[in-house]
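# A closer look at the structure
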Amino acid sequence: MPNSSSVSEFLLLPFADTRELQLLHFALFLGIYLAALLGNGLILTAVACDQHLHTPMYFFLLNLALLDLGCISSTLPKAMANLLWDTRAISYQGCAAQVFFFFFLVGAEYSLLTVMSYDRYIAICKPLHYGSLLGSRACGQMAAAAWGSGFLNAVLHTANTFSLPLCHGNAVDHFFCEIPQILQLSCSNAYLREFELLVFSFSLLFGSFVFIVVSYVQIFRAVLRMPSEQGKNKAFSTCLPHLAVVSLFVSTGIFAYLKPPSFSSPYLDLVVSFLYSVVPPAVNPLLYSMRNQELKHAVRKLFQYMLLKHQ
């Protein structure tokens, strides 16, 4: 029986069987990837260059854009390369790196979304304490904690997963390497230790989810008590995009990991994994810019500056 030492590569689940469909999927994924690069790149540049956006909310948004860029870059380029070159293979080291970076970036993003809900809670429910509770040092520490928690979680899970012996071949039922699919290839009972770690991680994620929900209950209660319609609109314009991002991130992840076995099939899993790994990084910039006038204005100024520079 093969074990982890004899497996030199894994075979990923293909998106299509015919060459024409492979090239069509490649073009679609290239468009999505370029849109994600453009959207998140514009947010990064606008926040970095516009002094009016040097606030805690936009500092966290800049970190979110960085994580989104990393998240989509850890999965989609390899999938596009496999489609272009008509192959399914990924090296053992490449698979381990993909698991590490995806777990690291997704974990850090979820932690950051929790921090961002705290930022909105303080801004709306305790505005007089906003400057003291969310100074530059506190914001830096919270962002570092989000990145650090994702990194430590990824190191722990990646090291544990790839130390398991593999007894069920090397075909991964996924378009990228992910821990649940690697565990399916491991020997019986050998995966229980990693399964316990996953349960512990999901418990922490559930605690963060409860914190986000409680924060938004308090936020909406405070907003509904505001006497001014303008104040309500401004509060909703900063909160609703974050809530939409959290909802998209959590709902696709929950469906992917907690759907009933009767709903499970390789190609349904393929579509669901695409929804939670590729769609949020591409859509998040659009969600944050739709109702945010400050961000729209900063992006417009950026385009105007670029056009004037090239005239």
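Here we summarise the structure given alongside this text.

Rules behind the numbers
- Residues numbered from 1 in each chain as written.
- Predicted model: local features only at pLDDT ≥ 70, side-chain atom pairs only at ≥ 80, totals over all residues.
- Heavy atoms only, no water.
- Helix = DSSP H or I, 4+ residues; strand = E, 2+ residues; numbered from the N terminus.
- Rg over C-alpha atoms; globule rule 2.2 N^0.38 Å.
- Buried < 20%, exposed > 50% of the residue type's maximum accessible area, 1.4 Å probe, protein only.
- Salt bridge = Lys/Arg side-chain N within 4 Å of Asp/Glu carboxyl O.
- Core = buried A, V, L, I, M, F, W, Y, C linked by side-chain atoms within 4.5 Å.
- Contact = heavy atoms within 4.5 Å.
- Disulfide = S-S within 2.5 Å.
- Axes fitted to C-alpha atoms, helices over the stretch in contact; angles between N-to-C directions.
- Parallel < 35°, antiparallel > 145°, perpendicular 65-115°, else oblique.
- Left-handed = near helix turned anticlockwise from the far one by under 90°.
- Phe/Tyr/Trp six-rings, centres within 6.5 Å; stacked < 30°, edge-to-face > 60°.
- Polar contact = N/O pair within 3.5 Å; in protein donor to acceptor, adjacent residues only side chain to side chain.
- Expected span 1.5 Å × (residues − 1).

Moving on, we get to the overall build of the protein. The helix and strand inventory of the protein stands at 12 helices and 2 strands. Along the protein, from the amino end to the carboxyl end, the secondary structure elements read β-α-α-α-β-α-α-α-α-α-α-α-α-α. For 311 residues, the compact-globule estimate of 2.2 N^0.38 gives 19 Å, and the C-alpha radius of gyration of the protein, at 21 Å, lies within 12% of that figure. Taking the principal axes of the C-alpha coordinates as reference, the protein spans close to 70 × 50 × 35 Å. Counting the 311 residues in the protein, one finds 47% classified as buried.

A word on the pattern of salt bridges. Considering all chains together, one arrives at 3 salt bridges under this definition. One salt bridge connects Asp50 with Lys301, and the closest N-O pair in it is separated by 3.6 Å. Taken together, the residues Asp50 in the loop between helix 1 (19-49) and helix 2 (56-73) and Lys301 in helix 12 (residues 293-309) connect sequence positions 251 residues apart. Exposure remark for Lys301: the relative accessible area of 36% places this residue in the partly exposed category. Taking the shortest distance from any N to any O, the salt bridge between Lys232 and Glu229 comes out at 4.0 Å. In this pair, Lys232 and Glu229 both sit in helix 9 (residues 229-258), 3 residues apart, roughly one turn of the helix. The class of Glu229 is exposed, set by a relative accessible area of 52%.

Looking now at the nonpolar core. Residues Phe10 and Phe60 are the most contacted members of the largest nonpolar core, which totals 91 residues. Among the elements that make up this core, the one with the highest residue count is helix 4 (residues 92-125) (17 residues). The residues contacting Phe60, other than those within four sequence positions of it, are Leu112, Val115, Met116, Asp119, Leu134, Cys139, Met142 and Ala143.

Now for the state of the cysteines. This model, assessed by the stated rule, comprises 1 disulfide. For Cys95, the disulfide goes to Cys177, at an S-S distance of 2.0 Å. Residues Cys95 and Cys177 share a disulfide whose torsion about the S-S bond is about -120 degrees; that sign makes it left-handed. Separated by 82 residues along the polypeptide, Cys95 in helix 4 and Cys177 in the loop between helix 6 (136-161) and helix 7 (179-183) bring together distant segments of the chain. Cysteine Cys125 shares no disulfide, and the gap to the nearest cysteine sulfur, in Cys239, comes to 8.5 Å. Given a relative accessible area of 26%, Cys125 falls into the partly exposed group. Of the cysteine sulfurs around Cys139, a residue in no disulfide, the closest is that of Cys239, at 16 Å.

It is worth spelling out the packing of helix 1 against helix 3 (residues 76-85) at this point. Look at helix 1 against helix 3: their axes get within 8 Å of each other, and the N-to-C directions meet at 150 degrees. One element, helix 1, and the other, helix 3, form an angle in the roughly antiparallel class. Where helix 1 crosses over helix 3, the two elements pack in a sense that is left-handed. In this structure, helix 1 contributes Arg19, Gln22, Leu23, His25, Phe26, Phe29, Leu30 and Tyr33 to the contact, and helix 3 contributes Leu76, Pro77, Met80, Leu83, Leu84 and Trp85.

A few words now on the packing of aromatic side chains. For the coordinates displayed, the defined rule picks out 16 aromatic pairs. Taken together, a centroid distance of 6.3 Å and an interplanar angle of 55 degrees make the contact between Phe102 and Tyr276 tilted. Of the two residues, Phe102 is situated in helix 4 and Tyr276 in helix 10 (residues 266-277); the sequence distance between them amounts to 174 residues. Exposure remark for Phe102: the relative accessible area of 4% places this residue in the buried category. Arranged with centres 5.9 Å apart and planes meeting at 85 degrees, the rings of Phe104 and Phe151 form a pair that is edge-to-face.

So, about the environment of Lys234. Position of Lys234 among the secondary structure elements: in helix 9. Residue classification places Lys234 among the exposed positions, given a relative accessible area of 60%. Linking Lys234 and Cys139, residues 95 residues apart in sequence, is a C-alpha distance of 22 Å.

What follows is about the side chain of Thr114. With respect to the helices, strands and loops of the structure, Thr114 is situated in helix 4. Here the side chain of Thr114 touches Tyr110 through a polar contact of 3.0 Å, landing on its backbone oxygen. Sequence-distant contacts of Thr114, that is, excluding residues within four places in its chain, are made with Ser208, Phe211 and Ile212.

Here we come to helix 12. Each α-helix turn comprises 3.6 residues. Residues three or four places apart therefore point the same way. An ideal rise of 1.5 Å per residue puts 24 Å on 17 residues; helix 12 measures up with 24 Å between its terminal C-alpha atoms. Buried residues in helix 12 make contact with helix 1, helix 2 and helix 11 (279-290).

So far we have only geometry, and geometry alone does not tell us how the molecule works.
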